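Architecture and fold: a report
Read off the chains here:
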Amino acid sequence: MTTTMEPTTLDEPPAVPDMPPPGKPTHDDLTPALRLMVDELDDVYGGADCPSIDKTAERMREETGNKSWDSRGQVDKARAAYRARHGIETPPKKPRTEPAKTGRTKPTPPRRTAVVRTKPAPVVQVEPAPVVQEPVPPSPPAVVQPDVPTPAEPIEATPVPQPAETVRTGLVRRPAVWPVMLLAAPAFVAIWGGWVGLGKLTGFGTVNLLPGIVADGGWATIDSAITLPIGVETYGAYALYVWLSGRVSGRTLAFARTSAITSLLVGALGQVAYHLLVAAGVKSAPWWITTLVACLPVAVLGMGAALAHMVREEK
C-alpha cells in the first residue's frame, strides 16, 4: 500500500500592521489634550508642514483659543505627532552656539625684555692742530704833523666855603602878635564908622526884629547898618586866614585867595564911597551905590558858606 504524502503548506505569518517610526508617538498614545491639538493642526494647516514652535503657538491661539497652546512643551509634542501622522520629516535642529563670554579679562602681563648693556665707546683724545701764526705786515711810517696849538682848558671854579649856619638850641620864641591889636583898633573904628555911615546913606536903618511881639524902640530894635562891617570885614579876615594858613590846597586855596582879595577891595571901595559922599554933602547915595551895598550881605553869606564847605572837604 502506497501512501502518498500530500504536500503540506506552511502557515503564513500574520500581517503586521503599519507601525509609526520609532520615537514618534501614535495617535492612540496621545492624551486627549494632545489629540485635540493635533486635530486642530490638521484643520489649520491641512497636512502642510507647520512653522516654528513660537509662530505655531501664536497662530493656533488666535485660531482656536485653546489654552493648551500656551505650553511650549505641549506645542512641541503636538507638532511632532502632527508630522508623524502626515509623514513629514522633522528638520534637524541647529547646533547650539554658546554666547561669547563678555566677562572681564585679565590684563596681559607685560613682557619682560632683556636689557642689553653696551660697553661705552673708548674716548679718543684728539690732539689739537698746531696754530700757524701768519707774519704781521710792517706798520707804515708815522707821519709827522706840525705842532697845532691846543685850546686852553676851561678853568674849574673852586667852590668858596660858606660859613656854617648857627643852630640855636633851646626854646625858640615866636614873634609877638599883640602889636597887631594896636594897629587893628583904630582901623576897626574907621572901618566900622565908614560902613555904618554908608549904610545910612543907602537906606539901612533901625529895624524891629520882632514886630508885634516887642514894641518899637525896645531891645529887639537894632540898626541894620552894622551888618555891613560885620559881614564884609569878618569874611575878608577869615578868607585871608584860610589862604595863608597852608592847610588847604587846590580849588579851596584858589577860592580863599580870590575871595579874600575881593573882600578887601570891596571894603576899601566902600570906605572911599562913604567919604566922597559925605564930603560932597550928599544926604542919599545914588541908586547904583545903593544897589551894590544892598547885595553885599547876600554875597558875603554865599561866599562864607561855600568856603566853609570846601574847608571841610579838605579835612
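Read on for a plain summary of the structure. (Residues numbered from 1 in each chain as written. Predicted model: local features only at pLDDT ≥ 70, side-chain atom pairs only at ≥ 80, totals over all residues. Heavy atoms only, no water.)

What follows covers helix α4 (residues 179–201). Here α4 is 23 residues long and its end C-alpha atoms lie 34 Å apart, about the 33 Å a rise of 1.5 Å per residue gives. The set of residues buried in α4 consists of G194, W195, V196, G197, L198, G199 and L201. The elements touched by buried residues of α4 are α5 (227–244), α6 (251–279) and α7 (287–314). (Helix = DSSP H or I, 4+ residues; strand = E, 2+ residues; numbered from the N terminus. Expected span 1.5 Å × (residues − 1). Buried < 20%, exposed > 50% of the residue type's maximum accessible area, 1.4 Å probe, protein only. Contact = heavy atoms within 4.5 Å.)

With that settled, the discussion passes to α5. Helix length check: α5, at 18 residues, gives a terminal C-alpha distance of 26 Å against a target of 26 Å (1.5 Å per residue), a fit within 8%. Contacts made by the buried residues of α5 are with α4, α6 and α7. At the exit of α5 stands G246, carrying a positive phi of roughly 75°.

It is worth spelling out the packing of aromatic side chains at this point. Evaluated as defined, the whole model comprises one aromatic pair. Between F188 and W192, the ring centres sit 5.5 Å apart and the planes meet at 45°, which makes this aromatic pair tilted. Pair noted here: F188 and W192 are both in helix α4, with a separation of four residues, about one helical turn. A cation over a ring is seen here: R59 above Y45, with NZ or CZ 5.0 Å from the ring centre. (Phe/Tyr/Trp six-rings, centres within 6.5 Å; stacked < 30°, edge-to-face > 60°. Lys NZ or Arg CZ within 6 Å of the ring centre and 35° of its normal.)

So, on to the side chain of D223. Summarising the element assignment, D223 is placed in strand β2 (residues 221–223). A polar contact of 2.6 Å, which involves the side chain of D223, links it to the side chain of K200. Filtering out sequence-adjacent residues up to four positions away, D223 remains in contact with K200, F204, G205 and T206. (Polar contact = N/O pair within 3.5 Å; in protein donor to acceptor, adjacent residues only side chain to side chain.)

Here we come to the environment of E63. The topology assignment puts E63 in helix α2 (residues 53–64). Classification of E63 as exposed rests on a relative accessible area of 52%. For the pair E63 and E40, spaced 23 residues apart in sequence, the C-alpha to C-alpha distance is 9.0 Å.

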